[in-house]
Amino acid sequence: MDATMVPVVVLVAAALHAVWNALAHALPDKVVGFALINAAFLGGGVLLACLAPLPDARAWPYLAASAVLQVLYQLLLLQAYRLGDFGQMYPLARGTAPWLVAALSVLVLGRPLGTAQWAGVLVISAGLAGLALADGVPGRAQLPAVAAALGTGAMIAGYTVVDGTGVRTSTTVLGYIAWMFVLQGAGMLLTAVLLRGPSLFCEPGPGWLQGIAGGVLSLTAYGLVVWAQAHGDLATIAALRETSIVIAALIGALVFRERLGAARMAAGAVVVAGIAVLQLAPV
């Protein structure tokens, strides 16, 4: 694939991401479910690592930082899904990331964005905020869930920038992706064992197939995104990824019987408009 395929690859990854998050939200035991998801990460990462050369030494600090951020991301996402509705938590978590990635790209990486790129990111983010708040401002009882979702968004922005930078220091994109999955999977499995004890996998119970399927989908989605990050603009990719929220809103309505409504449909149209702006913006 060449660089012209970056938008298509990111949009496919966005759809896969929405689906695996819906599976994660539906898991009856989320700690076990997320452990199974990461077992798939670990297995897929080991397989890829056998086929790819080792990343350059300069990439390993980024891989280590990415693994830590990915574990924190999953713990916060798990908590958000425990406390809140899929149709609200997912948009809040994902909608936070484009703003932060754009800011980090400018402030930390020194990569200024053009006016059109800023406009696209801002329009998409406004649409995502509309999706998150379509049912009204969250009340006090919902604040812990909202905090977990916003923290999830911060972790997403963090690992997006870390991986987007780290993969460019590696001599092999496939090797970087492989070891990212190995370290992330092992880190989250260890965390799950610390939370539940060594008997975690003795009786996986209902939902084990959902967990494995979610892991395979997530592994595929993030691998596609890391490939895109090696060939495209970080802020643009981060914004395009957030189209998964439109797909998630449809899943919430069709699968979880959540209300879609005119407000969410209008917010989805704003997201699509922002994507059009980004597609026309010079990189």
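Remember, predicted model here, so these are calculated numbers, not experimental data.

Undergrad: Tell me about the overall build of the protein chain, and please be specific about residues and values.
TA: A tally of helices and strands in the protein chain yields 11 helices and 0 strands. Helices and strands appear in the protein chain in the N-to-C order α-α-α-α-α-α-α-α-α-α-α. Radius of gyration (C-alpha) of the protein chain: 18 Å, near the 19 Å computed for a compact globule of 283 residues. When burial is assessed residue by residue, the protein chain has 53% of its 283 residues classed as buried. Restricting the contact set of the protein chain to residue pairs at least 6 apart, pairs at least 24 apart contribute 88%. Surface accessibility of the protein chain: about 11800 Å² in total, with carbon and sulfur atoms responsible for 72%.

Undergrad: Outline the pattern of salt bridges, listing residues and values.
TA: What the rule picks out here adds up to 2 salt bridges. The salt bridge involving Asp29 is made with Arg196; its shortest N-O contact spans 3.0 Å. With Asp29 in the loop between helix H1 (6–26) and helix H2 (30–51) and Arg196 in helix H7 (residues 173–196), the pair connects residues that are 167 residues apart, well separated along the chain. Residue Asp56 pairs with Arg58 through a salt bridge whose shortest N-O separation is 3.0 Å.

Undergrad: Tell me about empty space enclosed by the protein, and name the residues and values.
TA: Counting across every chain of the model gives 3 cavities of 30 Å³ or more. Approximately 170 Å³ is the volume found for the largest cavity. Together, 20 residues line the largest cavity, and His17, Tyr159, Ser218, Tyr222 and Arg241 are the ones closest to its centre. Elements with a minimum of two residues in the lining of the largest cavity: H1, helix H3 (60–83), helix H4 (86–107), H7 and helix H8 (208–229). The greatest single-element share of the lining of the largest cavity, amounting to 5 residues, is contributed by H1.

Undergrad: With reference to specific residues and values, describe the side chain of Thr191.
TA: Here Thr191 lies in helix H7. A polar atom in the side chain of Thr191 sits 2.8 Å from the backbone oxygen of Gly187. Contacts of Thr191, omitting those with residues within four sequence positions, involve Val71 and Leu75.

Undergrad: Report on the side chain of His17, specifying residues and quantitative values.
TA: One can find His17 in helix H1. His17 sits in the buried class, given a relative accessible area of 9%. Within the structure, His17 has its side chain in polar contact with the side chain of Tyr90 (distance 2.7 Å). In this structure, His17 is in contact with Tyr73, Tyr90, Arg94 and Ala221, ignoring residues within four places of it in sequence.

Undergrad: Residues and numbers for the packing of aromatic side chains, please.
TA: The final tally for this structure, using the stated rule, is 7 aromatic pairs. Each member of the aromatic cluster is reached from another via a ring pair, and the members are Tyr81, Phe86, Tyr90 and Phe256.

Calculation notes
Residues numbered from 1 in each chain as written. Predicted model: local features only at pLDDT ≥ 70, side-chain atom pairs only at ≥ 80, totals over all residues. Heavy atoms only, no water. Helix = DSSP H or I, 4+ residues; strand = E, 2+ residues; numbered from the N terminus. Rg over C-alpha atoms; globule rule 2.2 N^0.38 Å. Buried < 20%, exposed > 50% of the residue type's maximum accessible area, 1.4 Å probe, protein only. Contact = heavy atoms within 4.5 Å. Areas by Shrake-Rupley, 256 points an atom, 1.4 Å probe, with all protein chains shown as cover. Salt bridge = Lys/Arg side-chain N within 4 Å of Asp/Glu carboxyl O. 1 Å grid on protein atoms, 1.4 Å probe; cavity = no way out; pocket = protein on both sides within 12 Å on 5 of 7 lines; lining within 4 Å. Points joined across faces, edges and corners; volume = space filled by probe spheres on them. Polar contact = N/O pair within 3.5 Å; in protein donor to acceptor, adjacent residues only side chain to side chain. Phe/Tyr/Trp six-rings, centres within 6.5 Å; stacked < 30°, edge-to-face > 60°.

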